[in-house]
Amino acid sequence: METETKSARFIRGIGPKRFEALNRLGVQTIRDLCYFFPRRYEDRAHFESIAHIQPGETVTVCGEVITLGIRPLKQGSIFELIVGDETGTLPAIWFHQAYLKNQFQVGDRIILSGKAERYQGRLQLSSPEYEQIKQEETDPIHTGRITPIYPLSEGLAQRSLRTAMKEVTDHYVLKEIQEFLPEAVRKKYSLVELPAAIQAMHFPKDSESLEAARRRVIFDEFFLFETILLSRIRSVQLKERAIPLQNSRELLAEFKHVLSFELTPDQEKVIHEIAENTSGEIPMNRLLEGEVGSGKTVVAAFFLFLAARSHLQGALLVPTEILAEQHYQTLKKLYAPLNISAALLTGSLEPSERENVRQRIKKGSVSIVVGTHALLQEEVDFNRLGLVVIDEQHRFGVRQRAKLVLKRPRPHLLVMTATPIPRTLGLTLYGDLDISMIRTLPKGRKNIKTYWISHQKEGEVFDHIRSRVLKKNEQAYILFPIIDEIMRPGITEKSTEDEEAELYTLNAATKEYERLRKGVFRDVPLGLVHGRLLKKERDLVMEKFHKSEIKILIATSVIEVGIDNPNVTCMVIENAERFGLSQLHQMRGRIGRGNQEASCFLFGNPTTEEGKRRLRIMTKIRDGFTIAEEDLILRGPGEFFGTKQSGIPFFQVASLIRDAELLTVVRDEVKQLLQDDADLTKPEHAFIAEEMNYRKNKF
Ligand code: ADP
Ligand code: MG
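Now for a description of the structure that goes with this document. (Residues numbered from 1 in each chain as written. Chains lettered and ligands numbered in written order. Predicted model: local features only at pLDDT ≥ 70, side-chain atom pairs only at ≥ 80, totals over all residues. Heavy atoms only, no water.)

### Quick notes on the packing of aromatic side chains
- Per the counting criterion, the structure on display carries 17 aromatic pairs.
- Each ring, one from phenylalanine 104 and one from tyrosine 130, has its centre 5.3 Å from the other, and the planes form 70°; the classification is edge-to-face. Taken as a pair, phenylalanine 104 in the loop between β4 (88–95) and β5 (109–119) and tyrosine 130 in strand β7 (residues 129–133) lie far apart in primary sequence, 26 residues in all.
- On the basis of relative accessibility, which here comes to 3%, the residue phenylalanine 104 falls in the buried class.
- Measuring from centroid to centroid gives 6.4 Å for phenylalanine 180 and phenylalanine 223, while their planes differ by 50°, and the two rings are tilted. With phenylalanine 180 in the loop between α4 (173–176) and α5 (183–188) and phenylalanine 223 in helix α7 (residues 207–237), this residue pair connects regions lying 43 residues apart in the sequence. Just as phenylalanine 180 is buried, phenylalanine 223 falls in that class too.
- Joined through ring pairs, the aromatic side chains of Phe79, Trp94, Phe104 and Tyr130 make up one cluster.
- For the cation-ring pair, lysine 6 lies above phenylalanine 10, with the distance from its terminal atom to the ring centre recorded as 5.2 Å.
- Lying over the aromatic face of tyrosine 172, lysine 175 brings its terminal NZ or CZ to 4.9 Å of the ring centre. (Phe/Tyr/Trp six-rings, centres within 6.5 Å; stacked < 30°, edge-to-face > 60°. Helix = DSSP H or I, 4+ residues; strand = E, 2+ residues; numbered from the N terminus. Buried < 20%, exposed > 50% of the residue type's maximum accessible area, 1.4 Å probe, protein only. Lys NZ or Arg CZ within 6 Å of the ring centre and 35° of its normal.)

### Thoughts on helix α12 (residues 351–363)
- For α12, which comprises 13 residues, the first-to-last C-alpha distance of 18 Å matches the rise-based estimate of 18 Å (1.5 Å per residue) to within 8%.
- Inspection of α12 places Val357, Arg358 and Ile361 among the buried residues, and these make up the whole buried set. Axial view of α12: buried residues confined to an arc of 100°, hence all on one face. Exposed and facing more than 90 degrees away from the buried side of α12 are Ser352 and Lys363.
- On its buried face, α12 sits against β10 (313–317), β11 (342–345) and β12 (368–371). (Expected span 1.5 Å × (residues − 1). Arc of directions from axis to C-beta. Contact = heavy atoms within 4.5 Å.)

### Observations regarding the nonpolar core
- Counting residues in hydrophobic clusters, the biggest one holds 62 residues, and the most contacted among them are Leu33, Val168, Phe219 and Phe223.
- Looking at this core, the elements with two or more residues in it are α1 (16–24), α2 (30–34), α3 (158–171), α6 (194–202), α7, α22 (660–676) and α23 (686–698).
- Beyond its immediate stretch of four places on either side in the chain, leucine 33 contacts Ala8, Ile11, Ile14, Leu22, Val27, Met165, Val168 and His202.
- Judged by nonpolar contacts, the second largest core, of 43 residues, contains Ile271, Ala300, Phe302 and Leu323. (Core = buried A, V, L, I, M, F, W, Y, C linked by side-chain atoms within 4.5 Å.)

### Regarding the site of ligand 1
- Around ligand 1, the structure places 16 residues, and the nearest of them are Glu262, Gly293, Lys296, Thr297 and Asp564.
- Within the backbone of serine 294, an N or O atom sits 3.5 Å from an oxygen atom of ligand 1.
- Between ligand 1 and lysine 296, the relevant distance is 2.7 Å, taken from an oxygen atom to a side-chain nitrogen or oxygen of the residue.
- Protein contact buries 82% of the 570 Å² of open area that ligand 1 shows by itself. (Near = heavy atom within 4 Å. Polar contact = N/O pair within 3.5 Å; in protein donor to acceptor, adjacent residues only side chain to side chain. Areas by Shrake-Rupley, 256 points an atom, 1.4 Å probe, with all protein chains shown as cover.)

### Details of the packing of helix α8 (residues 249–258) against helix α10 (residues 296–309)
- Where α8 contacts α10, the two axes come as close as 11 Å, and the packing angle between them is 125°. One way to sum up the angle between α8 and α10 is to call them oblique. Once α8 is placed against α10, the crossing between them reads as right-handed. Along its contact with α8, which presents Leu251, Leu252, Glu254 and Phe255, the element α10 presents Val298, Ala301, Phe302, Phe305, Leu306 and Arg309. (Axes fitted to C-alpha atoms, helices over the stretch in contact; angles between N-to-C directions. Parallel < 35°, antiparallel > 145°, perpendicular 65-115°, else oblique. Left-handed = near helix turned anticlockwise from the far one by under 90°.)

### Some points on the sheet that holds strand β21 (residues 598–603)
- One open sheet holds the six strands; their spatial order is β16-β21-β20-β17-β19-β18, and the pairing between them is parallel. With one partner strand each, in any of the chains shown, β16 (448–453) and β18 (526–529) form the two edges of the open sheet. Mean inter-strand twist for the sheet, computed between neighbouring axes without regard to direction, equals 15°.
- Two strands pair when backbone bridges link them, and strand β17 (residues 475–480) and strand β19 (residues 552–556) are joined in this way by five bridges, in the parallel orientation. Looking at the pairing, tyrosine 477 lines up with leucine 553 of β19.
- The strands touched by helix α15 (residues 458–469) are β16, β17, β19, β20 (568–573) and β21; relative to β20, the strand with the most contacts, the crossing angle is about 170°.
- Sheet strands touched by helix α19 (residues 609–620): β16 and β21. Its angle to β16, the strand with the most contacts, is close to 155°. (Pairing = 2+ DSSP bridges.)

### With respect to the environment of lysine 671
- Assignment of secondary structure puts lysine 671 in helix α22.
- Residues within four places of lysine 671 in sequence aside, it is in contact with Leu230 and Asp434.

### Description of the packing of helix α11 (residues 321–335) against helix α17 (residues 535–546)
- Here α11 crosses α17 at 55°, and the two axes come no closer than 11 Å. Looking at the two axes, α11 sits oblique to α17. In this structure, α11 meets α17 at a crossing whose hand is right-handed. Residues Glu321, Ile322 and Glu325 of α11 touch α17, and the partners they reach there are Lys535, Arg538, Asp539 and Met542.
- Considering only residue class, the contact of α11 with α17 consists of two nonpolar, no polar and five charged. (Nonpolar A, V, L, I, M, F, W, Y, C, P; charged D, E, K, R; others polar.)

### Thoughts on the pairing of β4
- As paired elements, strand β3 (residues 77–85) and β4 share eight bridges and run antiparallel to each other. Along β4, the bridge assignment pairs isoleucine 78 with phenylalanine 95.
- Counted between consecutive antiparallel strands, the loop separating β3 from β4 contains two residues.
- In this sheet, strand β6 (residues 122–126) lies alongside β4 in parallel orientation, the contact comprising two bridges. Across the sheet, residue alanine 92 finds its bridge partner in β6, namely leucine 125.

### Describing the sheet that holds β12
- Spatially, β11-β12-β10-β13-β14-β9-β15 is the arrangement adopted by the seven strands of the open sheet, whose pairing is parallel. Sheet topology places β11 and β15 (434–438) at the edges, where each strand pairs with a single neighbour. Neighbour to neighbour, the strand axes of the sheet diverge by 20° on average, direction disregarded.
- Bridge count for β10 against β12 is four bridges, and the pairing is parallel. Its bridge partner being in β12, leucine 317 is matched across the sheet by glycine 371.
- Along the sheet, α10 contacts β9 (285–290), β10, β12, β13 (385–390), β14 (412–417) and β15; its crossing angle with β13, the most-contacted strand, is approximately 170°.

Okay, structure coming up:
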């Protein structure tokens, strides 16, 4: 069924010029106009008594025209009228709009809205919006109500557009807009009917009806977005098959038996969620989000274990060699009593060794492979790859992710990230991924006290390290992080800029290492580690650090991701003002992993307000999800989405941050709906399909 929708040209007051201006804003049809929502509203429903008006206030007054007239200026003229109510009188003036004289007559009842200003000792309204009240029951348009303020472009004026929109609201909405949500859904979520909602979006009776309308419109935006997204995903998934991983109570018990700790309730929960996918034939695409230190690795380890028990192979892909090495060690230890073989494959293996590992992967004599990008190379040929886990997802480009997933049969995919993407944003960014979240840290984690300090006070910090950290036999990091792609989303391959940045921080770190080694910490074993060290050298430093033979590790951002050493209780971050919130949070997550108090010092002298705000947030907030949301607010979602400049954006009213909860609810509802009626062919869903088509073409 296809409703015809007429050109916006048919609306009284929209001539060729205004039509063209509207076109530039993405509006062609009357239906588009219905969805052309106000940018904001002004509450002009409450009338101020003239006697109570204070200078500087924006007010709406209602009264009678007492006098009016034109004063000529050297150029142009001023039209002035005086309005009076029971409490007093107030002049209003308009420049160069002599024609207004014919619009008003003494004795007319009018409403004026504008800012009261003092001019030559008296209060007046300058160019207020006006409305005549012809009869008591007329519905005012411009003032005397919650008034819509529309986005404008050249050739569109607020007043005439608003008048046209009133025409649309009164005479066209009911014809153009039809309810598309099934009655049951509308009832379930107490949503107002769509035509009424659209009307109230433009000319709401009161703030409650506006709120209800907004809720309906937001619901629709999410609902249609998810329907489009999920049905697209479905159609892809239907074609692909994965091999189910075995799972059972016994297998879980077997795995838990080798752990030295109990799983947290959140870990149990996500294991359950992930298992629902892995035991099916539809390839899993799941994002596991978890606060740094929340224990994602063990969750991954469990499913890799299941892959092995299912006579399949599992791959764990990580962004850095240090992290690969660390995960490999962890898994090897964990899997030894379970009789599962693990191997490490990184770029810095000797060629003969690498060849050897490749052969074992190919023969299938190794079950679990931990590796860096080297794993993505074509010549790595798995025997029976059943599960791919990608750690620190944000470090990999979409293309790299795709490479592994292109293998056939298609392995299940679990991506993990600690760069906490607010759930809602995750749904949009990684639209094709289901999401699991670990929100709570294992018990006993202590707070990380975070301080923002100017570099000049480094003496105090070094004192702290000596007297509070080293004395307790704990360790510290001093970081010189490199600005990386987190700050510049979209860039995944290394550029020369990256190299320069790396070189710069490398120099800074080396200098600092020398300075401290010969200075304040001359009696303390220090280590330096950076991306340009040979693997052997780096391994040696890291090993010493893990054994606590090195007490303070000075490092570039190589340690930023994933490194797990619970004995480190202090971190200093240099040039902290240069980093994004999420990145700072990520780095800080390297400490506070044990049971001791930890402290983090941010050295930085930010010059911008935003920079200061970032560091202030870091000192106050530990929770990564809150931080991520703050980050999003500071940077704006545009950076995440790549803003579309023309046309009406998909989320006109909804905010992915503010309305986060609703999006998750809607997503579940849509999932249910599609499970029920994948192609939306049931009669009660016919209108949804139609509405989807309209929106699809629009965005
Ligand atoms: P992340 O989620 O940042 O990758 P890790 O997986 O590295 O975190 O886990 C951080 C630390 O917490 C590790 O030392 C790990 O052994 C430990 N850990 C994980 N789960 C638990 C648990 N349930 N109880 C206690 N410690 C745990
Ligand atoms: Mg990790």
